[in-house]
Number of protein chains: 2
Amino acid sequence: MIAEKMKGMVANSSAIRAMFEEGNRLAKIYGRENVYDFSLGNPNVAAPAAVKKAIIELLEEEDPVVLHGYSSNSGYEEVKQAVADSLNERFGTSFAAKNIIMTVGAAGGLNVILKTLLNPGDEVIVFAPYFGEYRSYTNNYDGVLVEISPNTETFQPKLDEFEQKITAKTKAVIVNTPNNPTGVVYSEDTIKKLAAIMEVKQKEFGTDIYLISDEPYRELAYDGVEVPYLTKYYANTVVGYSYSKSLSLPGERIGYLVIPDEVADSKDVIAAAIVANRILGFVNAPTLQQKMVAKCLNEKTDISYYDRNRETLYNGLKECGFNCIKPEGAFYLFVKSPFENEKQFCEMAKKYNLLIVPGSSFGCPGYVRLAYCVAYEIIVNSLPKFKELAEEIGVI
Amino acid sequence: MIAEKMKGMVANSSAIRAMFEEGNRLAKIYGRENVYDFSLGNPNVAAPAAVKKAIIELLEEEDPVVLHGYSSNSGYEEVKQAVADSLNERFGTSFAAKNIIMTVGAAGGLNVILKTLLNPGDEVIVFAPYFGEYRSYTNNYDGVLVEISPNTETFQPKLDEFEQKITAKTKAVIVNTPNNPTGVVYSEDTIKKLAAIMEVKQKEFGTDIYLISDEPYRELAYDGVEVPYLTKYYANTVVGYSYSKSLSLPGERIGYLVIPDEVADSKDVIAAAIVANRILGFVNAPTLQQKMVAKCLNEKTDISYYDRNRETLYNGLKECGFNCIKPEGAFYLFVKSPFENEKQFCEMAKKYNLLIVPGSSFGCPGYVRLAYCVAYEIIVNSLPKFKELAEEIGVI
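This section reports on the structure supplied with the text. Only a predicted model underlies this, so the values are computations on that prediction, with no experimental measurement involved.

1. Description of the overall build of chain A
Across its full length, chain A holds 14 helices and 13 strands. Whereas a compact globule of 396 residues would reach a radius of gyration of roughly 21 Å, chain A reaches 21 Å, a difference of no more than 12%. When the backbone C-alpha atoms are referred to their principal axes, chain A occupies close to 60 × 55 × 50 Å. A total of 396 residues make up chain A; the buried ones form 64% of that total. For chain A, restricting intrachain contacts to residue pairs at least 6 apart in sequence, the fraction spanning at least 24 positions comes to 73%. Total accessible area on chain A stands at roughly 13,800 Å², and carbon and sulfur atoms take up 49% of it. Taking the 41 positively charged and 51 negatively charged side chains of chain A as two groups, their mean positions are separated by 3 Å.

This is the structure we're talking about:
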């Protein structure tokens with residue numbers, strides 16, 4: 001008999017992952033090129049050539065006993081230093097190696113910091129729409145997820161509701177910008193106001209409220225938009241990063257946490273996070289990929305590829321009569337469902353081999369998410385299908 | 001402020017890991033070759049050449065979008081099939097791909113299965129001495145660790161005490177053979193008796209008691225000793241495996257769980273374990289290493305290297321007057337401390353740059369663990385130091 005807690009988890013298992021498996025099933029029947037799978041944030045741009053080169057160099061030059069051996073639970077010292085240096089150069093911060101913990105992707109990092117911080121019953125605030133896994137991660141440590149309802153005009157966070165929902169039990173606030181699933185980048189103005197509210201509430205309740213910035217999409221911003229670096233706006237900020245999207249390596253599970261000295265009880269938080277990384281079973285971030293990353297800190301994925309997809313899909317869907325805001329970052333479009341029950345819309349789309357994810361998975365029913373990190377041809381060939389779908393529904 | 005639960009964890013943080021960091025510190029002062037660091041199970045035998053070859057082949061031949069992309073949460077289908085086929089061939093089992101879940105090492109796998117199974121208050125039985133992390137892993141899911149005291153004659157499990165300590169709350173029993181820290185291999189006779197006791201108790205209490213076999217040291221057995229494959233002796237067995245030791249890749253975090261069809265509620269356990277693998281933040285086992293493993297299933301580490309270390313260190317310590325049983329597997333010696341308080345012994349050893357780990361870390365005070373997965377020269381050069389230590393103590 002499985003754990004009670006897992007029963008609900010299995011029943012409500014990720015719609016995104018279910019769709020991913022469904023896509024694989026349909027691809028076997030119809031051929032991969034005839035399935036328009038917009039379900040998963042699995043980058044279609046290949047990793048930069050430097051990644052392969054770096055891995056081969058490491059294999060040729062490094063002692064395999066060291067290369068594949070355990071590192072410290074927080075990662076190799078020289079890798080942490082290289083990450084800190086790179087951040088300092090880019091964002092004018094002043095992190096040391098000790099502020100960096102290499103993690104098994106951002107998902108690993110978020111679990112580590114939530115295990116580090118949460119007592120049972122502690123509240124974690126998220127802004128809908130949000131990555132549905134935040135609910136699971138919070139639940140892992142018996143935290144309580146508190147949702148701020150979506151502003152469906154701009155998809156910037158609703159700060160008035162946020163202010164009201166912070167309580168003495170609020171331990172953390174998770175933001176994700178560029179955002180999954182909307183592609184929206186939280187503006188500097190938004191961040192300043194959000195930080196100011198948190199400062200006031202910390203004082204009011206005499207508590208520490210940690211801002212957790214989950215930023216796997218940081219490098220994916222279009223039209224020259226700036227993505228503010230949050231540690232500069234609010235002292236009590238922890239950053240979770242992943243190379244999944246920026247280097248197209250989601251399967252390799254490599255990322256890091258930044259826990260600045262300015263964070264409340266910083267020494268304790270760092271020490272506990274390192275222990276959490278160990279006892280949750282990560283032990284250390286994969287060592288070959290740690291060392292690869294240190295060699296590829298200036299590498300970039302091909303943003304122009306996603307940008308073309310963004311333009312083509314956004315314009316194509318608008319022409320079909322669908323409604324959505326134009327994303328400034330990440331590789332998702334968040335489209336208004338023509339029906340109130342967007343799951344019905346997703347089911348209808350499936351008839352055209354169009355795989356899209358219901359907004360309910362992101363705490364925002366009535367919308368659907370399309371991940372456009374796919375081959376350009378998929379976008380182009382999907383548009384006639386979206387047109388047929390629009391005609392069936394009558395939105396066109 | 002960090003979580004209450006983590007405060008204790010940080011305070012009692014792994015003595016092994018602390019020693020590992022101490023070793024790095026001393027190496028900087030005295031030079032690596034003058035520090036006799038027996039603290040960590042970090043293999044000193046290089047990964048087989050086939051590992052490097054396989055990784056380079058994969059990088060040269062596979063589409064990087066697939067190679068580094070997400071796999072299913074349970075792993076690549078073809079990798080799981082290859083692992084199942086290999087186990088079936090070696091052990092006469094009949095696992096299918098669906099019975100395998102690729103994991104972030106054995107530590108990841110154990111966390112996954114414990115999260116899958118444990119309700120708060122459920123009991124997990126371990127046999128002292130045991131890998132201290134079992135306590136943390138059990139605590140992660142609010143389970144209660146129940147220790148069976150050590151049989152210091154043979155270090156086989158004390159089955160009479162085991163029988164008495166199984167209750168209606170016993171959800172799992174963890175065994176680790178070849179054993180860390182003793183190097184003992186549980187005999188087939190022991191396993192049969194242990195299985196029989198568990199069968200009876202399952203019936204008596206009307207419960208499912210899962211046997212979790214943690215076997216990263218399976219391939220490290222000397223003198224032709226057989227390591228029984230536990231699923232053949234007890235239906236309700238889950239196996240956790242790691243390539244850390246068998247392919248010398250502890251830093252890469254690659255292993256698997258086997259959840260056979262014969263396990264109670266097998267379908268639910270598999271489904272929940274896949275969800276647990278996702279929501280704990282592992283997401284999937286590192287993809288490049290998954291594919292590497294599938295190409296290296298018949299590769300072996302150089303046992304003869306460890307065997308020579310074993311003989312040299314065992315004989316050397318005996319000559320110094322220290323007391324220990326000769327291990328049949330793994331790469332650890334478990335030595336009786338000349339003092340009741342073995343931590344005092346470890347401190348004294350440190351004066352000679354000998355780094356060894358107190359048995360208290362394994363639920364067995366009065367003993368110390370030496371990991372002999374080190375360079376042969378370290379063993380040879382450490383023996384005069386052990387002799388000096390023995391002379392200081394007066395055991396020689």
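2. Quick look at the pairing of strand β7 (residues 237-242) of chain B
Every other side chain in a regular strand lies on the same face of the sheet, so the side chains alternate between the two faces. Residues and elements named next belong to chain B. Taking burial as the measure, the six residues of β7 include six buried ones, the bulk of the element. The two faces of β7 match: Thr237, Val239 and Tyr241 on one face and Val238, Gly240 and Ser242 on the other face are all buried. Pairing geometry for strand β6 (residues 210-214) and β7, over four bridges, is parallel. Among the inter-strand pairings, Ser213 is bridged to a residue of β7, identified as Val239. Sheet topology places β7 next to strand β8 (residues 255-258); four bridges connect them, and they run antiparallel. What sits directly across from Val239, in β8, is Val258.

3. Some remarks on helix α7 (residues 133-140) of chain A
All names here are of chain A. Most of α7 is tucked away: six of the eight residues are buried. Three or more residues of α7 are buried, namely Glu133, Tyr134, Ser136, Tyr137, Thr138 and Asn140. Once α7 finishes, Asp142 follows within two positions and takes phi at roughly 60 degrees, a positive value.

4. Some thoughts on the sheet that holds strand β2 (residues 100-103) of chain A
Sheet strands line up and pair through hydrogen bonds in the backbone, either parallel or antiparallel. Residue and element names in this part refer to chain A. Strand order in the open sheet formed by seven strands is β2-β8-β7-β6-β5-β3-β4, and the pairing between neighbours is mixed. One side of each edge strand has no neighbouring strand; the edge strands of this open sheet are β2 and β4 (144-148). Strand-to-strand, the axes of this sheet are offset by a mean angle of 20 degrees, without reference to chain direction. Sheet strands in contact with helix α9 (residues 188-205) are β3 (123-127), β5 (170-175) and β6 (210-214), and its direction is about 150 degrees off that of β6.

5. Regarding unusual backbone geometry
Trans is the common state for peptide bonds, and a negative phi is the common state for residues other than glycine. Between Thr177(A) and the following residue, Pro178(A), the backbone shows a cis peptide bond with an omega angle of -5 degrees. With an omega of -10 degrees, the peptide bond between Ala128(B) and Pro129(B) qualifies as cis. Turning to its location among the elements, Pro129(B) is positioned in the loop between β3 (123-127) and α7 (133-140). One non-glycine residue, Phe155(B), adopts positive backbone phi at about 60 degrees. Within the element layout of this structure, Phe155(B) appears in the loop between β4 (144-148) and α8 (159-165). Here Ala330(B), not a glycine, exhibits a phi torsion of approximately 60 degrees, which is positive. Residue placement: Ala330(B) occurs in the loop between β9 (323-324) and β10 (332-336).

6. What about the packing of aromatic side chains?
All names here are of chain A. With the rule as written, the count across this model stands at 42 aromatic pairs over all chains. Centroid distance Phe334 to Phe362: 6.4 Å. Interplanar angle 90 degrees. Geometry classified as edge-to-face. Note that Phe334 is positioned in strand β10 (residues 332-336) and Phe362 in the loop between β12 (357-358) and β13 (367-371), a separation of 28 residues in sequence. By relative accessible area, Phe334 is classed as buried at 1%. Ring pairing ties together the aromatic residues Phe38, Phe322, Phe339, Phe345 and Phe386, which thus form one cluster. It is Arg308 that lies over the ring of Tyr305; its NZ or CZ is 6.0 Å from the centre.

7. Remarks on the relation of the copies chain B and chain A
For the pair chain B and chain A, the best superposition has an RMSD of 0.0 Å and corresponds to a rotation of 180 degrees with a translation of 0.0 Å parallel to the axis. Taken together, these values place the two copies in the relation of a two-fold axis. Proximity to the rotation axis, assessed at the C-alpha, singles out Ile56(B) in chain B; its C-alpha lies 3.3 Å from the axis. When the interface residues of chain B are mapped onto chain A, 100% of them again fall at the interface, so both copies present the same face.

8. Overview of the packing of helix α5 (residues 77-91) of chain A against helix α11 (residues 287-295) of chain A
Residues and elements named next belong to chain A. Between α5 and α11, whose axes approach to 9 Å, the crossing angle comes to 35 degrees. Seen along the crossing, α5 lies across α11 with a hand that is left-handed. For the pair formed by α5 and α11, the contact residues are Glu78, Val79 and Ala82 on the first element and Gln290, Lys291 and Ala294 on the second.

9. Comments concerning the pattern of salt bridges
Residue and element names in this part refer to chain A. Under the counting rule described, the total for this entry stands at 48 salt bridges over all chains. In this structure, Lys291 engages Glu78 in a salt bridge whose closest nitrogen and oxygen atoms are separated by 3.3 Å. With Lys291 in helix α11 and Glu78 in helix α5, this residue pair connects regions lying 213 residues apart in the sequence. Overall, Lys291 belongs to the buried group, its relative accessible area being 10%.

10. Things to note about the nonpolar core
If you look at the biggest cluster of nonpolar residues, it comprises 140 residues, and the most contacted ones within it are Phe162(A) and Phe162(B). Those residues within four positions of Phe162(B) in sequence are excluded, and the remaining contacts are Ile125(B), Phe127(B), Ile148(B), Val173(B), Leu194(B), Ile197(B) and Met198(B). Judged by nonpolar contacts, the second largest core, of 63 residues, contains Phe95(A), Val83(B), Ala84(B) and Val258(B).

11. Digging into helix α14 (residues 376-393) of chain B
Residues and elements named next belong to chain B. The end-to-end C-alpha separation of α14 is 26 Å, in line with the 26 Å expected for 18 residues at 1.5 Å each. At Leu383, α14 shows its largest bend, some 30 degrees, and a proline, Pro384, comes one to four positions later. Looking at α14, one finds that the buried residues are Ile378, Ile379, Ser382, Leu383, Phe386, Leu389 and Ala390. In the core, the buried residues of α14 are packed alongside β1 (36-37), α12 (303-319), α13 (342-350), β11 (354-355) and β13 (367-371). Trailing α14 by a residue or two, Gly394 shows a phi angle of about 90 degrees, which is positive.

12. Brief notes about the interface of chain B and chain A
In this complex, chain B contributes 79 residues to the contact, which on the side of chain A involves 79 residues. Summing the contributions of chain B and of chain A, the shared interface buries around 6,100 Å²; its carbon and sulfur component is 55%. Inspection of the chain B/chain A interface yields four salt bridges. Lys52(A) serves as the salt-bridge partner of Glu60(B), at 3.1 Å between the closest nitrogen and oxygen. Counting only elements with at least two residues in the side of chain B that touches chain A, the list comes to α1 (4-11), α2 (15-30), α3 (49-61), α4 (64-67), α6 (105-117), α7, α10 (266-279) and α11 (287-295) of chain B. Examining the composition of the side of chain B that touches chain A, we find that eight residues originate from one element, α10(B), more than from any other. Residue classes in the side of chain B that touches chain A are distributed as 40 nonpolar, 22 polar and 17 charged.

13. Remarks on the packing of helix α6 (residues 105-117) of chain A against α7(A)
Residues and elements named next belong to chain A. One way to put it is that α6 packs onto α7 with a least axis distance of 9 Å and a crossing angle of 35 degrees. Taken as a pair, α6 and α7 cross one another with a handedness that is right-handed. Seen from α6, the contacting residues are Ala107, Leu110, Asn111 and Leu114; seen from α7, they are Tyr134, Tyr137, Thr138 and Asn140. In terms of residue class, the contact of α6 with α7 is built from five nonpolar, three polar and no charged.

Rules behind the numbers
Residues numbered from 1 in each chain as written. Chains lettered and ligands numbered in written order. Predicted model: local features only at pLDDT ≥ 70, side-chain atom pairs only at ≥ 80, totals over all residues. Heavy atoms only, no water. Helix = DSSP H or I, 4+ residues; strand = E, 2+ residues; numbered from the N terminus. Rg over C-alpha atoms; globule rule 2.2 N^0.38 Å. Buried < 20%, exposed > 50% of the residue type's maximum accessible area, 1.4 Å probe, protein only. Contact = heavy atoms within 4.5 Å. Areas by Shrake-Rupley, 256 points an atom, 1.4 Å probe, with all protein chains shown as cover. Lys, Arg positive; Asp, Glu negative; His and termini not counted. Charge placed at Lys NZ, Arg CZ, Asp CG, Glu CD. Pairing = 2+ DSSP bridges. Axes fitted to C-alpha atoms, helices over the stretch in contact; angles between N-to-C directions. Phe/Tyr/Trp six-rings, centres within 6.5 Å; stacked < 30°, edge-to-face > 60°. Lys NZ or Arg CZ within 6 Å of the ring centre and 35° of its normal. Least-squares fit on C-alpha atoms with pLDDT ≥ 70 in both. Left-handed = near helix turned anticlockwise from the far one by under 90°. Salt bridge = Lys/Arg side-chain N within 4 Å of Asp/Glu carboxyl O. Core = buried A, V, L, I, M, F, W, Y, C linked by side-chain atoms within 4.5 Å. Expected span 1.5 Å × (residues − 1). Bend = angle between axes of the 7 residues up to and from the residue. Buried area = accessible area lost by both parts, 1.4 Å probe. Nonpolar A, V, L, I, M, F, W, Y, C, P; charged D, E, K, R; others polar.

Take it as geometry only, folks, not as evidence of what the structure does.
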